[in-house]
Each structure stands twice: as C-alpha cells, then as structure tokens.
Amino acid sequence: MKEPMRSAPRQNRQSCRIIVQSHQRFSGVERRTKGSAMSTESTKLRVSVIGLGLMGSALADALITNGFTVTVWNRTRAKAEPLEKMGAHLAASVAEAARRSEVVIVCLLGHAATREAVMTDEVGAAMRGKTLVQLSTTSVEEVDELARWAEASDIAFLKGAILVTPDDIRAGRGATLYGGPQHLFNRQRPLLDGLGGQPSFISDRPADTIRTASALYSFLYSALLSFLYGAAICRQSGIPVEIFTRNVIEPFVMGGSLMSYFNSSGRAADTGRYDENI
C-alpha cells in the first residue's frame, strides 16, 4: 500500500531551516522579534490553540507575545500552565475554546486526534461561521476529510504546513505554507503573521500545502546528500570543508545564482521545453 503523503513531518523541520533562512536572507525578509507591535485591529482578534505539544506551545507563545487574545486547550493541564502565566485562558473543552474565539488553530498529534477532539457536532456548532486553521501533520486524504467536515459545518478552512522548528516560531523566523481560499488567507494575514514568521499562500486547494512541502523535501534531501558528497571530495583533497561551505556554497546561495538556476529550471518544467529554458 502506498504511504500517504503527509505534511511537514517533525524530523524534516530542522533540515528545512537552512533553506528557509537562506531564502529570508536573500529576499530581505525581516524577522519579527518578540514584542514587535502589530496593528490594533489584529490584536483584538480572539484565537484559540488546540494542542500544546512542542509546536502548539510555540504557536500560542508567539500569539501571546504579539498581543492576541489567546485561549488554549490541551488534554493535560500541566502543559498549559506556562501559557496561563503569560495571559492565556485555559478552556475546559475544545467546544469552549471554539466558542471563545473567531479563529481556532489545531496542532495535535495527527488526524486521529483531530477527529476525536475537533470533528464533533458540539465543536462544529460552536465554530459555525468561524475559521479553522489545521497545522497538524496529516495526509492529503485526511485534509480532504477535514475540509469536507468544515464545509458541512459552515466553517472557513485553511491548511498549513510548518517548515521550521518550535524555536524558530518563537524567534519569529518561521515559514509556513497555506492552502485554502485566498481571500481567507488575506483576511487572516495579520494572525498568520503573528504565528511566528513568514506565511506563504500556495493554492486554493488545502491539501496542496502537503504536496508542496513534499516537493520541497525531495529537493532538500538530494541537496544535502550532494553537499555531503562535495564535502567528501574536498576533505579527500585536503581542502577544509569550512572553506567549501563559507567561500563557495554560501556566496553561491546568498548571491542569487542559485535562484537564477531555480527560476530557469522552473520555467522549463512549466513549459516542458528544457532545450530553451535551461
């Protein structure tokens, strides 16, 4: 049986940091630092975070730091206590968290936990007319199931794929892909900015975030293997790997040459004319 395509597995996030940070440096994206001011309108938004594992806690932390009114829920109260001390309200149930907020962010262990905790009649009724943002690791089929449930419950829906670690989210150097209606992405942009970094819109199909993240990882792993092979050549030749990294790889990546190759190769892939575009 084919393994279902899943979004942003935890073991991939650390590996993605080098590409994300390279892009941010190349494109001039500024980091959002803790305590940076956000608009008065955005800070009035009430948002709930469901699931306080390593990533969920980091998301809630970033929202509180950026001035949002935050409600949290977790199966075990102990994980919520540090966030309560920061000013978050601890809900007794997911339904209560949904009633208290305009937007509910889900960051649970997976789809089974989401189905059990979120996809209920009570929560659906509490969220009618509101927005659900799914940031849990799920498969394409699972995202489609959640999207159908949200549509039937009159809930606006975005699916996100986080590409970085919890520490990156807290530091404001995150990167997350989003799929769903673009007008919804645009409307919720202040909130998405407040989730610790740089949100990127991919497609109006929520599950395309998973497909795009998988495409990134296919590039990432081959790039890292190629780097290690190049490092081995340097080491065997008596060239310090640090020199290879600092004086060759870094200028090539940061100077824009790599993006030029990507852009021309992307045009070739889109047109199918590799003889003209590369």
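Look a little higher up for the structure.
Residues numbered from 1 in each chain as written. Predicted model: local features only at pLDDT ≥ 70, side-chain atom pairs only at ≥ 80, totals over all residues. Heavy atoms only, no water.

**Focus: the overall build of the protein**
Link 1 in the chain: Within the protein, the regular secondary structure consists of 15 helices and eight strands.
Link 2 in the chain: Burial status across the protein gives 46% buried among its 278 residues.
Link 3 in the chain: A separation of at least 24 residues holds for 66% of the contacts in the protein among residues at least 6 apart in sequence.
Link 4 in the chain: Accessible area of the protein: about 14300 Å², with a carbon and sulfur share of 54%. (Helix = DSSP H or I, 4+ residues; strand = E, 2+ residues; numbered from the N terminus. Buried < 20%, exposed > 50% of the residue type's maximum accessible area, 1.4 Å probe, protein only. Contact = heavy atoms within 4.5 Å. Areas by Shrake-Rupley, 256 points an atom, 1.4 Å probe, with all protein chains shown as cover.)

**Brief notes about a nonpolar patch on the surface**
Link 1 in the chain: Side chains of Phe219, Phe252, Tyr261 and Phe262 sit close together on the surface and give an oily, nonpolar patch of about 380 Å² of accessible area.
Link 2 in the chain: Summarising the element assignment, Tyr261 is placed in helix H14 (residues 257–271). (Patch = residues over 30% accessible without salt bridge, like charges linked within 9 Å, V, L, I, M, F, W, Y side chains within 5 Å. Salt bridge = Lys/Arg side-chain N within 4 Å of Asp/Glu carboxyl O.)

**Considering the pairing of strand S4 (residues 103–106)**
In regular strands, side chains alternate between the two faces of the sheet.
Link 1 in the chain: Here S4 shows two buried faces, one formed by Val103 and Ile105 and the other by Val104 and Val106.
Link 2 in the chain: When strand S1 (residues 46–50) meets S4, the two strands line up parallel, connected through four bridges. Looking across to S4, one finds that Ile50 is bridged to Val106.
Link 3 in the chain: By the bridge criterion, four bridges tie S4 to strand S5 (residues 131–134) in an arrangement that is parallel. Within S5, the position partnered with Ile105 by the bridge is Val133. (Pairing = 2+ DSSP bridges.)

**Here's the deal with the environment of Leu109**
Link 1 in the chain: Among the structural elements, Leu109 can be located in the loop between S4 and helix H6 (111–117).
Link 2 in the chain: A sequence separation of 26 residues divides Leu109 from Leu135, and the C-alpha atoms of the two residues are 10.0 Å apart.

**Some remarks on H14**
Link 1 in the chain: For H14, spanning 15 residues, the distance from its first C-alpha to its last is 22 Å, which sits close to the expected 21 Å at 1.5 Å a residue.
Link 2 in the chain: Positive backbone phi, approximately 75°, marks Gly272, located one or two places after H14. (Expected span 1.5 Å × (residues − 1).)

**Some details on the packing of helix H12 (residues 208–236) against helix H13 (residues 241–254)**
Link 1 in the chain: Interhelical geometry of H12 versus H13 gives an angle of 125° and a closest axis separation of 9 Å. Taken as axis vectors, H12 and H13 run oblique relative to one another. For the crossing formed where H12 meets H13, the hand is right-handed. Packed against H12, whose contacting residues are Phe227, Gly230, Ala231, Cys234 and Arg235, the element H13 presents Val241, Phe244, Thr245 and Ile249 at the interface.
Link 2 in the chain: Here the contact of H12 with H13 is composed, by residue class, of six nonpolar, two polar and one charged. (Axes fitted to C-alpha atoms, helices over the stretch in contact; angles between N-to-C directions. Parallel < 35°, antiparallel > 145°, perpendicular 65-115°, else oblique. Left-handed = near helix turned anticlockwise from the far one by under 90°. Nonpolar A, V, L, I, M, F, W, Y, C, P; charged D, E, K, R; others polar.)

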